[in-house]
Structure formats: C-alpha cells, structure tokens
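Residue-level structure breakdown
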Amino acid sequence: MPRIHDGFLDCVIYLYASEWDAEKGEKTGGTGFLVSAPIKIAGQDAQMIYIVTNRHVVENGNSTARLKSINNGIVTLNLDEREWLFHPDGDDLAAYPILPDHNSNKIKLIKSSNFLNRNIVDEFDIGPGDDTFTLGRFINHEGRQQNLPTVRFGNIAQMPWEPVRQNNGFLQDSFLVESRSIGGYSGAPVFVYIPPGSLRHGVANWVDKILLGHGPWLLGVDWGHINDWQPVCDTLGRPINPIEPNGMQVRMNTGIMAVVPAWKLSEMFDRFSERAEEIFAMLMRRCGGFPSIIPD
C-alpha cells in the first residue's frame, strides 16, 4: 500500500452521545465521514453535504459530531436525532445533511462519484487480496485537542455475495476485510486501491492501465467486526467449566471487518433525490433562512 494523501484524514469526523463527551474525548460513540452527493433543487443540479455513519451508531444515541477546526482544534455540532436519514431497506447506513462552515471547519468531502460500484468491480476485477485502508476513531488514542484519525490497512477477504447476519437479525450485504476493527470504528470509511505494478489477469488493456494505479475508491462503511466465542480456560488450556464448556465463553475478535458496500450508499442517496424538496426544506428550517448549497 503506497503512502496515502493526508487529505483523507480530514474527511473523518467523530460521533459522541453528548457535547461533554465530545469535548472530553470519552470512549463512546463511533466514526463518521463527510460526503457530497448530487441533488436537484428547483430544477438546478447541486451537491448536498452529508455526515455518513452507521444506523446503529445513531440509534445508540450518538448525535454529537466533532469536526476539525482550521486552526487544528475541534468544533462540535449537536445534531437533531430526528433529522437523520436512513437507508429505506434497512441497511446499516445513516446520513445527516449539514452546511459546514468552511471558514472554521477543516474538511474534505468524499464525492459520490468516487464510490465503488459493480461496474468498477467488473472492469478492474476487484476481489480478494486487493489493498484497503480504513480511517477511523481509535478510542484509546483518538486525539483530545484535535481529531487524529488512525489509519488501518488490510485486504479484501471476501466479496459481498452472501449477507452477514447482524445482532438485530438483519442480513447485511458486506465485504469482509482482513483489517482489525474495534469499538469506535463503526461508521468509518473504507477505501480500496490498486497500486501501480499490481498483477491483474483477464482485464482488457491492463498493461496500459497498470502504469498509474487506480483508485482509491470508497469500498464502503465499516459496520463492525466478526466475533468468535471460545470457552474460558485455565492456564493449561482446560475449560473452567468442563461439564458445560460453552456455558462460560469469552468473545474473540477474528480480525475480520464487515463493510457495507459503497453502492448501498449510492442507493440511499438516489432515494434521497426523490425527497430533495423535503430535505432542502429541513435545512431551511434549521438555518432559519435560505442556505447555500454547492453548485454541481
């Protein structure tokens, strides 16, 4: 994996249960990131800015965002929990439309045009072994005076052809990525990248394409990690409860991250376009006037 651009670090925001938690850097909440997606208002093409995270992060009560300031401090935003927008089919995704102050907030936007889609997967034969990187909130050392996202590197381990059952029973389409995810990384953006010189078989004109490398594309959104359960054992490796070993278990992180595919985000934003006037009206009420949006 080559050196990533520092600008990626500025797309990440942190989410907490309260402003107090955000200012103190409490070990609660999760990660989010900033996205610009197309929307049409009064016949005019424009780009709307959203905070994106997991639905479960929001439903666990984390609606205070902490962004970077331009002077390398922090800015907190108290988000109205009633104004989060969710994927209509139940996927573990949430978005909150905002109007960041570019004069005080240090941000980078991930454009929806950089989302991985099935056509790119086919064109570049994206699959197991491809390089990934994830930018998220390492709650053990996340930065107190400023957001300091931690980058974790890995590889695609399994394509999202069979869904993963979440704790609530929902069958979530998911990439599996060999990249350890822990609490605090839920909602983090995951990128996939093909470095120069990567071997790729069966791709048309690959000799021409390989010289520059390709991506990074947004692979998707980290929603958690796959756990395993093991019996509690003594120092000799014998179950503490030999009669019923499974009666006393400890949860083990398998080191496999589960990622909602980026095309699920695209689906969500496409559905939002059908509610463009409603979403824009919500912003108008929040801003107390007519907010500006980024021209397309």
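So, a few notes on the structure that sits alongside this text. Quantities reported herein were computed from a predicted structural model and do not represent experimental measurements. (Residues numbered from 1 in each chain as written. Predicted model: local features only at pLDDT ≥ 70, side-chain atom pairs only at ≥ 80, totals over all residues. Heavy atoms only, no water.)

**Points about the overall build of the protein**
How we decide: Only DSSP runs of H or I covering at least 4 residues are called helices, and only runs of E covering at least 2 are called strands; the numbering of each starts at the N terminus. Two residues qualify as a contact provided that any one of their heavy atoms is within 4.5 Å of a heavy atom in the partner residue. Here the Shrake-Rupley method, with its probe set to 1.4 Å, supplies the accessible areas, and only the displayed protein chains count as covering residues.
Scanning the protein from N- to C-terminus turns up six helices and 17 strands. Sequence-distant contacts in the protein: of pairs separated by 6 or more residues, those separated by 24 or more amount to 72%. Only carbon and sulfur atoms are counted for the fraction: they give 50% of the accessible area of the protein, which is about 14600 Å².

**Some words on the pairing of strand 1 (residues 12-16)**
To keep things clear, this is the line we draw: Note on classification: 1.4 Å probe, protein chains only; a residue is buried when its accessible area is under 20% of the maximum for its type, exposed when over 50%, partly exposed between these limits. Any two strands are treated as partners once DSSP identifies two or more bridges connecting them.
Of all five residues in strand 1, five are buried; the element is thus mostly enclosed. Burial of strand 1 is two-sided: the residues Val-12, Tyr-14 and Tyr-16 facing one way and the residues Ile-13 and Leu-15 facing the other way are all buried. Two strands pair when backbone bridges link them, and strand 1 and strand 2 (residues 30-41) are joined in this way by four bridges, in the antiparallel orientation. Considered in strand 2, the bridge of Ile-13 is made with Gly-32. Pairing of strand 1 with strand 4 (residues 64-68), which is carried by three bridges, proceeds in the antiparallel orientation. In the sheet register, Tyr-14 faces strand 4, and the bridge partner there is Arg-66.

**Structural notes on the pattern of salt bridges**
The condition is simple: For this document, the term salt bridge refers to a Lys or Arg side-chain nitrogen within 4 Å of an Asp or Glu carboxyl oxygen.
Applying the stated rule across the entire model yields 11 salt bridges. The partner of Arg-3 in a salt bridge is Asp-6, and the shortest N-O contact between them spans 3.0 Å. Given a relative accessible area of 67%, Arg-3 falls into the exposed group. Residue classification places Asp-6 among the partly exposed residues on the basis of a relative accessible area of 43%.

**Some remarks on unusual backbone geometry**
Note the cis peptide between Gly-215 and Pro-216, where omega equals 0°. Along the polypeptide, Pro-216 turns up in strand 15 (residues 214-231). Unlike most non-glycine residues, Asp-125 shows phi in positive territory, near 55°. Structurally, the position occupied by Asp-125 is in the loop between helix 3 (118-124) and strand 9 (131-136). On the basis of relative accessibility, which here comes to 42%, the residue Asp-125 falls in the partly exposed class.

**Description of the environment of Asp-131**
The condition is simple: Here a polar contact is taken to be a pair of N or O atoms separated by no more than 3.5 Å, where protein atoms must pair a possible hydrogen donor with a possible acceptor and residues adjacent in sequence count only if both atoms sit in side chains.
By secondary structure assignment, the location of Asp-131 is in strand 9. A distance of 3.1 Å separates a polar atom in the side chain of Asp-131 from a polar atom in the side chain of Asn-155.

**Re the side chain of Ser-186**
Examined against the element boundaries, Ser-186 turns out to sit in the loop between strand 13 (175-178) and strand 14 (189-194). Its relative accessible area of 14% is what places Ser-186 among the buried residues. Excluding anything up to four places from it in sequence, Ser-186 contacts Gly-30, Thr-31, Thr-53, Asn-54, His-56, Val-57, Asp-222, Trp-223 and Gly-224.

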